[in-house]
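Structural description and commentary
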Amino acid sequence: MSRSLKKGPFVDAHLQKKIDSAQTNKDKKPIRTWSRRSTILPDFIGLTVAVHNGKQHVPVYVTEQMVGHKLGEFAMTRTFKGHAADRKTAVAPKK
């Protein structure tokens, strides 16, 4: 279920403050945030936001296509290392 149009997109206040200051100062340093739930607004375009994935901050460069999505969608929290069966067949040659 999406958010009501009456309410508008959600962005944490502390993140919005950091974005505004980075734009006024023309600062290109990554903005560190733990707010994965914040929606990407057109103000974010061209900035790098370091989104926390539970272990480290993943740098995400914001482009036009990302507007409307959440920051957490671009910082994966799980690392897929492959299935166990894939490694078994790759190691053992077929007879």
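Not measured: the values here are computed from a predicted model.

Taking 1.5 Å of rise per residue, twelve residues should cover 16 Å, and helix α1 (residues 13-24) covers 17 Å from first to last C-alpha, within 8% of that figure. Residues Leu15, Gln16, Ile19 and Ala22 constitute the buried set of α1. Angularly, the buried residues of α1 cover 125° about the axis, an arc narrow enough to put them on a single face. Among the exposed residues of α1, those oriented more than 90 degrees off its buried face are Ala13, Lys17 and Thr24. Structurally, α1 contributes buried residues whose contacts are with β1 (31-33) and β2 (48-52). Remark: Lys26 follows α1 within two positions and exhibits a positive phi of approximately 55°.

If you look at the biggest cluster of nonpolar residues, it comprises 16 residues, and the most contacted ones within it are Leu15, Ile19 and Phe44. For this core, the element with the highest residue contribution is α1, accounting for three residues. With residues up to four places along the chain from it excluded, the contact list for Ile19 reads Ile31, Asp43, Phe44, Leu47 and Val49.

Within the secondary structure, Asp12 is located in the segment before α1. Judged by its relative accessible area of 9%, Asp12 is buried. Here the alpha-carbon distance between Asp12 and Ser35, two residues 23 residues apart in the chain, equals 7.0 Å. Every residue in contact with Asp12, bar those within four places of it in the chain, is listed here: Ser35, Arg37 and Ser38.

About the cut-offs
Residues numbered from 1 in each chain as written. Predicted model: local features only at pLDDT ≥ 70, side-chain atom pairs only at ≥ 80, totals over all residues. Heavy atoms only, no water. Helix = DSSP H or I, 4+ residues; strand = E, 2+ residues; numbered from the N terminus. Expected span 1.5 Å × (residues − 1). Buried < 20%, exposed > 50% of the residue type's maximum accessible area, 1.4 Å probe, protein only. Arc of directions from axis to C-beta. Contact = heavy atoms within 4.5 Å. Core = buried A, V, L, I, M, F, W, Y, C linked by side-chain atoms within 4.5 Å.

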